[in-house]
Each structure stands twice: as structure tokens, then as C-alpha cells.
Amino acid sequence: MSYQFSLEELDELYELQSMLDAERKRHGIVPGVPFELERPSISISDTVDWRRIKDDKEKYAAYLCSREWSEKKEAVRRRSDGKCERCRRNPLDAVHHLTYIRKYSERLSDLQAICNQCHEFTHGKSDYDPRVQP
Ligand SMILES: [Zn+2]
Ligand SMILES: [Zn+2]
């Protein structure tokens, strides 16, 4: 049986990730350095190897805080030249999964630098598509 994330769960993880990134920035902590955050049902720690976490939701949340993921994000950021790869207009805000087929061992072609407006549209949170000319 394979476990599928609901969009809400994924969104929560993305929000959690940007929250962690902001926290790290505020405290001057670089990714990969031990950092803990407690949430009602998810606890994340960089000191634990994400590969050894059995619960898939916790594993994925920990993966999003890992050095491996941050290196992939950085590579996508460099490829995008700071621009959203979907609309090519706005600056990028996040790195989005085009497919979860290779979750944990994504190829860079599985990932897309994306702006908040495109991201919300892609996840069905907004009807506004920045790619459509006004
Ligand atoms: Zn965009
Ligand atoms: Zn996304």
C-alpha cells in the first residue's frame, strides 16, 4: 500500500517549510544545522536522519528540512535565475513538485521554481492564473 498525501497535507508541509526557512534566516542558521520545531502532530529535527523515519508524513517533513532537499532547491533556484519557471514573470517564492514519482530522489526536471500566485493556482487555492495575460 502506498501512502498518498492530500493536497492539504502537502500545503501544510510547504507552509511549514517556508516557516522554518524564515525562522532559520532570522536566527542566522544555515540549512543542515540542528534545528527543532514542535508542531501539534509533526516534530522535525535535523539531528535525526530522515531516511530512518518510518512514518511517511514525518519522513517527508524531515526531508524538506534536509541538506539533500536544500541542495536540490538551490539547484532549481540557480536554474530559474530567480524567476518563476511557470509564468516567467514573477520572482520565485518556492520550489514545487511537478511529480511525486521520485519522492526523496527527485530529478531536477521533477521540480519547478514557482511564484506564490502560480503555486496557489496550481494547488487550486486561487482562480487567478498569472500565466494568462490580462
Ligand atoms: Zn508564476
Ligand atoms: Zn506545490
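Residues numbered from 1 in each chain as written. Chains lettered and ligands numbered in written order. Predicted model: local features only at pLDDT ≥ 70, side-chain atom pairs only at ≥ 80, totals over all residues.

## Thoughts on the overall build of the protein
What the protein contains, in helices and strands, is four helices and four strands. Beginning at the N terminus, the succession of helices and strands in the protein can be written as α-β-β-α-α-β-β-α. Evaluated residue by residue, the protein yields a buried proportion of 18% over its 134 residues. The contacts of the protein with a sequence gap of at least 6 include a subset with a gap of at least 24, amounting to 44%. (Helix = DSSP H or I, 4+ residues; strand = E, 2+ residues; numbered from the N terminus. Buried ≥ 20, exposed ≤ 12 C-beta atoms within 10 Å, placed from the backbone. Contact = placed C-beta atoms within 7 Å.)

## A short note on the confidence of the model for the protein
Looking at the protein, pLDDT values average 78 and 64% of them are 70 or higher. The spread of mean pLDDT over the elements of the protein runs between strand β1 (residues 36-38), the lowest at 38, and strand β4 (residues 111-114), the highest at 94. Ignoring residues within four places in sequence, the model shows residues 32-43, a span with pLDDT below 50, making 17 contacts including any to other chains. (pLDDT = per-residue confidence, 0-100.)

## A closer look at helix α3 (residues 67-80)
With 14 residues, α3 ought to run about 20 Å at 1.5 Å a step, and its terminal C-alpha atoms sit 20 Å apart, in line with that. At the C-terminal side of α3, Asp-81 shows a positive phi close to 60°. (Expected span 1.5 Å × (residues − 1).)

## Considering unusual backbone geometry
Backbone geometry places Asp-81, a non-glycine residue, at a positive phi of 60°. Inspection of the secondary structure puts Asp-81 in the loop between α3 and β3 (94-97). Of the residues examined, Asp-81 has 9 C-beta atoms within 10 Å and is grouped as exposed. One non-glycine residue, Arg-88, lies in the positive phi region at around 60°. Tracing the backbone shows Arg-88 in the loop between α3 and β3. Here Arg-88 falls in the exposed class, since 12 other C-beta atoms lie within 10 Å of it.

## Things to note about the nonpolar core
The biggest cluster of nonpolar side chains holds ten residues, and these are Val-76, Cys-84, Leu-92, Val-95, Leu-111, Ala-113, Ile-114, Cys-115, Cys-118 and Phe-121. When residues of this core are traced back to their parent elements, those giving at least two are β4 and α4 (116-122). Broken down by element, the residue count for this core peaks at three residues, all from β4. Setting aside chain neighbours within four positions, we find Val-76 in contact with Val-95, Leu-108, Leu-111 and Ala-113. (Core = buried A, V, L, I, M, F, W, Y, C linked by C-beta atoms within 7 Å.)

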